[in-house]
Amino acid sequence: MRINFSKIIIFSFVIFLISVFWMGLKKDNNYSTKNLTGSEIGNFKLPSIYSSDIISEEALKQNQFTLINFFASWCAPCRLEHKYLIKLARQNKNIKILGVNFKDKKKNVTNFLNELGDPYDYIVEDRDGKASILFGTYGIPETILINKELIIIKKVIGPLDQTQYEEILKLTQ
Amino acid sequence: MIFKKIIIIYFLLSSSLYCKEASLELIEIYKNLRCIVCQGQSIADSNSDFASTIKLVVKDQIKEGKTEEEIYNFLISKYGEWIVYKPTFKKNNFFLWFLPYFIFILGGLIIFIIIKKSKHNRAN
């Protein structure tokens, strides 16, 4: 029997293409920066919103755990998660919360915190959003839990909920 | 007087040419960055909040004298390889880089065989 060489090549190429497309279909392409977990946060210097202080990563080394929360007064999901931040600030003394106010106005932040309560140990501003890029955020709210060594332990994209709140409590006990 | 005018025109033209060159470099970088919160748009195409922030960061880094490669590496470290359209060469994407060359050579070979066969048939 004569083997048709070109037919074999075409057949194996088709099989190869089908398997590549099949693998592509099965691959999860949902974007996430959760793979930053385990890496160190970069250097940053951000101005405090209510004083002339500059907060840098050095200040966070003194805390056992720091929760970096990106929020804005104009962000509706930030209102939803705020109660969990308040609960964390009250119940867990191991955590200090750093609020990064994203593209907002001081007056609006003050109104927001007066209305919902202030869980933050430090509040810094990121007027143009550039500093948030250093943390790999792409929207708000986002929350990053880091330890004393500034290593990211957990990253939450979107508003905190009961499950994530409990997980953060567990991680910081 | 004429000499002065020539100098002024020369400086205006050279600065505008420099600006054009710099903005072309920026656009090239924006085009190779994916807007990860948009549907199939690059940073250059998108007017989203995320895209405009990335544009500011890239502009800053260019001003600081960072190279295109350094900017990509910085953004990859923050957002993963998904943010760049042109992936870096790794063992996982070996096929992605070499398959086009392989197909090109194979295609050439097939055409060569077909032509050779048809010539041989005609001769017979």
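Structure shown above.
Let me sum up the structure you'll find in this document.

What counts as what
Residues numbered from 1 in each chain as written. Chains lettered and ligands numbered in written order. Predicted model: local features only at pLDDT ≥ 70, side-chain atom pairs only at ≥ 80, totals over all residues. Heavy atoms only, no water. Helix = DSSP H or I, 4+ residues; strand = E, 2+ residues; numbered from the N terminus. Buried < 20%, exposed > 50% of the residue type's maximum accessible area, 1.4 Å probe, protein only. Contact = heavy atoms within 4.5 Å. Areas by Shrake-Rupley, 256 points an atom, 1.4 Å probe, with all protein chains shown as cover. Arc of directions from axis to C-beta. Pairing = 2+ DSSP bridges. Right-handed = clockwise from strand over helix to strand, strands pointing away. Axes fitted to C-alpha atoms, helices over the stretch in contact; angles between N-to-C directions. Parallel < 35°, antiparallel > 145°, perpendicular 65-115°, else oblique. Left-handed = near helix turned anticlockwise from the far one by under 90°. Nonpolar A, V, L, I, M, F, W, Y, C, P; charged D, E, K, R; others polar. Disulfide = S-S within 2.5 Å.

## Some words on the overall build of chain B
Secondary structure assignment for chain B yields 4 helices and 0 strands. Counting from the amino terminus, helix and strand elements in chain B follow one another as α-α-α-α. For chain B, the proportion of its 124 residues judged to be buried stands at 27%. Put simply, of all contacts in chain B between residues at least 6 apart along the chain, 43% involve residues at least 24 apart. Accessible surface for chain B amounts to roughly 9,400 Å². Of this, 66% is attributable to carbon and sulfur atoms.

## Let's talk about helix H4 (residues 106–116) of chain A
Residues and elements named next belong to chain A. Among the residues of H4, Val109, Phe112 and Leu113 are the ones counted as buried. Summarising the axial view, the buried residues of H4 lie within an arc of 90°, below the 170-degree limit, and thus occupy one face. Facing away from the buried side of H4, by more than 90 degrees, are the exposed residues Lys107, Asn114 and Glu115. The inward-facing, buried residues of H4 abut strand S3 (65–71), helix H3 (76–91), strand S4 (95–102) and strand S5 (122–126). Backbone geometry just after H4 places Gly117 at a positive phi near 100°.

## Some details on unusual backbone geometry
All names here are of chain A. Residue Pro141 is reached from Ile140 by a cis peptide bond, and omega for that bond is -5°. Relative to the helices and strands, Pro141 is located in the loop between helix H5 (130–134) and strand S6 (142–147). Phi at Lys103 is positive, roughly 45°, even though this residue is not glycine. Inspection of the secondary structure puts Lys103 in the loop between S4 and H4. Look at Leu150: it is not a glycine, yet its phi comes out positive at around 70°.

## A few points about the side chain of Gln164 of chain A
All names here are of chain A. Relative to the helices and strands, Gln164 is located in helix H6 (residues 162–171). With relative accessibility at 19%, the residue Gln164 sits in the buried group. Filtering out sequence-adjacent residues up to four positions away, Gln164 remains in contact with Lys154, Val156 and Pro159.

## Notes on the pairing of S4 of chain A
All names here are of chain A. Within S4, 7 of the 8 residues are buried, which leaves it mostly tucked inside the rest of the structure. For S3 and S4, the ladder comprises 7 bridges, and the chain directions are parallel. Paired with Asn69 across the strands is Gly99, a residue of S4. Each parallel crossover has a hand, and the one from S3 via H3 to S4 is right-handed. One ladder, built from 5 bridges, connects S4 with S5; its direction is parallel. By the bridge assignment for S5, Phe102 is matched with Asp126. Handedness of the crossover joining S4 and S5 through H4: right-handed.

## Quick word on the environment of Pro159 of chain A
Residue and element names in this part refer to chain A. Structurally, Pro159 can be placed in the loop between strand S7 (152–157) and H6. Among the residues examined, Pro159 registers a relative accessible area of 35% and is labelled partly exposed. Setting aside residues no more than four positions away along its own chain, Pro159 makes contact with Pro77, Glu81, Pro141 and Gln164.

## Considerations on the packing of helix H2 (residues 49–63) of chain B against helix H3 (residues 68–79) of chain B
All names here are of chain B. Orientation of H2 relative to H3, taken along the N-to-C sense of each, is 140°, at an axis distance of 11 Å. Accordingly, the angle class assigned to the pair H2 and H3 is oblique. Between H2 and H3 the crossing geometry is right-handed. Here Phe50, Ile54, Val57, Val58, Gln61 and Ile62 of H2 come into contact with H3, specifically with Ile71, Phe74, Leu75 and Tyr79. For the contact of H2 with H3, the residue count by class is 9 nonpolar, 1 polar and no charged.

## Looking at the pairing of S6 of chain A
All names here are of chain A. Within S6, 6 of the 6 residues are buried, leaving the element largely enclosed by the surrounding structure. Every second residue of S6 is oriented toward a common face, with Glu142, Ile144 and Ile146 on one face and Thr143, Leu145 and Asn147 on the other, all of them buried. Pairing of S6 with S7 involves 5 bridges; the strand directions are antiparallel. Opposite Leu145, over in S7, you have Lys154 as the bridge partner. As consecutive antiparallel partners, S6 and S7 are separated by 4 residues, and within that stretch Leu150 has a phi angle of approximately 70°, a positive value.

## Overview of the state of the cysteines
Working definition: the covalent bond between the sulfur atoms of two cysteines is a disulfide. Applying the stated criterion to the full structure yields 2 disulfides over all chains. At a sulfur-sulfur separation of 2.2 Å, the disulfide partner of Cys75 of chain A is Cys78 of chain A. The disulfide joining Cys75 of chain A to Cys78 of chain A has a torsion of about 90° about its S-S bond and is therefore right-handed. Taking relative accessible area as the criterion, Cys75 of chain A reaches 3% and is therefore assigned buried. Among the residues examined, Cys78 of chain A registers a relative accessible area of 1% and is labelled buried. A sulfur-sulfur distance of 2.0 Å marks the disulfide that ties Cys35 of chain B to Cys38 of chain B.

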